[in-house]
Amino acid sequence: QVQLVESGGGLVQAGGSLRLSCAASGSIFSIATMGWYRQAPGNQRESVALITSGGSTNYADSLKDRFTISRDSAKNTMYLQMTSLKPEDTAVYYCKAVSFLPRKIDYWGQGTQVTVSS
């Protein structure tokens, strides 16, 4: 069992920056991959970035130049640094963790709202 809690969302002007955090607790030793997703009103949830237990990262092509995913293993926390924010970045951002022990399970946080004003 893994619990995920996001924080750091809020209201920011276009061009500004924001850093999201995702704190993991529970059976964190079983986590193989963590990532960030987002969902805007009327849209499907989309992948933003991911990071594996080995440190490999992957980004949505359109976001790679502005967003950076990282982790602090000592704090069991994952981050998403967002810069040059645009109104189209407005969405609820979700933290996801994937475990394969005892079976493949996806865990989701509650989400944090990011609103970018013009």
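Residues numbered from 1 in each chain as written. Predicted model: local features only at pLDDT ≥ 70, side-chain atom pairs only at ≥ 80, totals over all residues. Heavy atoms only, no water.

Asker: Could you clarify how one ought to interpret the side chain of serine 99 in this entry?
Answerer: Within the secondary structure, serine 99 is located in strand S9 (residues 91–99). Exposure remark for serine 99: the relative accessible area of 0% places this residue in the buried category. A distance of 3.0 Å separates a polar atom in the side chain of serine 99 from a polar atom in the side chain of serine 30. With sequence-adjacent residues up to four places away left out, serine 99 is seen in contact with Ser30, Lys104, Ile105 and Tyr107. (Helix = DSSP H or I, 4+ residues; strand = E, 2+ residues; numbered from the N terminus. Buried < 20%, exposed > 50% of the residue type's maximum accessible area, 1.4 Å probe, protein only. Polar contact = N/O pair within 3.5 Å; in protein donor to acceptor, adjacent residues only side chain to side chain. Contact = heavy atoms within 4.5 Å.)

Asker: What am I meant to see in the environment of serine 30 here?
Answerer: Looking at the element boundaries, serine 30 is found in the loop between strand S3 (18–26) and strand S4 (31–39). Taking relative accessible area as the criterion, serine 30 reaches 7% and is therefore assigned buried. The sequence separation of serine 30 and lysine 96 amounts to 66 residues, and the corresponding C-alpha distance is 13 Å. Serine 30 has contacts with Val2, Val98, Ser99, Phe100 and Leu101, leaving out every residue within four places of it along the chain.

Asker: Please clarify how unusual backbone geometry should be interpreted in this entry.
Answerer: Comment: phi is negative for the bulk of residues other than glycine, and the bulk of peptide bonds are trans. Between leucine 101 and the following residue, proline 102, the backbone shows a cis peptide bond with an omega angle of 5°. Considering the arrangement of structural elements, one finds proline 102 in the loop between S9 and strand S10 (105–108). With a phi close to 55°, asparagine 76 is a non-glycine residue in the positive phi region. The residue asparagine 76 is located in the loop between strand S7 (67–72) and strand S8 (77–82) in this model. A positive phi is found at serine 84, a non-glycine position, where the angle reads about 45°. Relative to the helices and strands, serine 84 is located in the loop between S8 and S9. A relative accessible area of 39% places serine 84 in the partly exposed class.

Asker: Whenever I open this one, the layout of surface pockets confuses me. Can you help?
Answerer: If you roll a probe as big as a water molecule over the atoms, it shows you where there is empty space left. In this structure, the largest pocket spans a volume of roughly 260 Å³. In this structure, the largest pocket is lined by 15 residues; those nearest its centre are Ile28, Ile31, Met34, Arg71 and Ser73. For the lining of the largest pocket, the secondary-structure elements that each account for two or more residues are S4, strand S5 (46–52), S7 and S8. At 4 residues, S4 tops the list of elements feeding residues into the lining of the largest pocket. A per-class count over the lining of the largest pocket returns 7 nonpolar, 6 polar and 2 charged. (1 Å grid on protein atoms, 1.4 Å probe; cavity = no way out; pocket = protein on both sides within 12 Å on 5 of 7 lines; lining within 4 Å. Points joined across faces, edges and corners; volume = space filled by probe spheres on them. Nonpolar A, V, L, I, M, F, W, Y, C, P; charged D, E, K, R; others polar.)

Asker: How should the state of the cysteines be read in this particular structure?
Answerer: Working definition of a disulfide: a covalent bond connecting the sulfur atoms of two cysteines. All told, the structure shown has 1 disulfide when counted by the stated rule. The disulfide partner of cysteine 22 is cysteine 95, and the gap between their sulfur atoms is 1.9 Å. Across the S-S bond linking cysteine 22 and cysteine 95, the dihedral sits near -75°, which makes this disulfide left-handed. With cysteine 22 in strand S3 and cysteine 95 in strand S9, this pair connects stretches of sequence that are 73 residues apart. Classification of cysteine 22 as buried rests on a relative accessible area of 0%. Since its relative accessible area comes to 0%, cysteine 95 is described here as buried. (Disulfide = S-S within 2.5 Å.)

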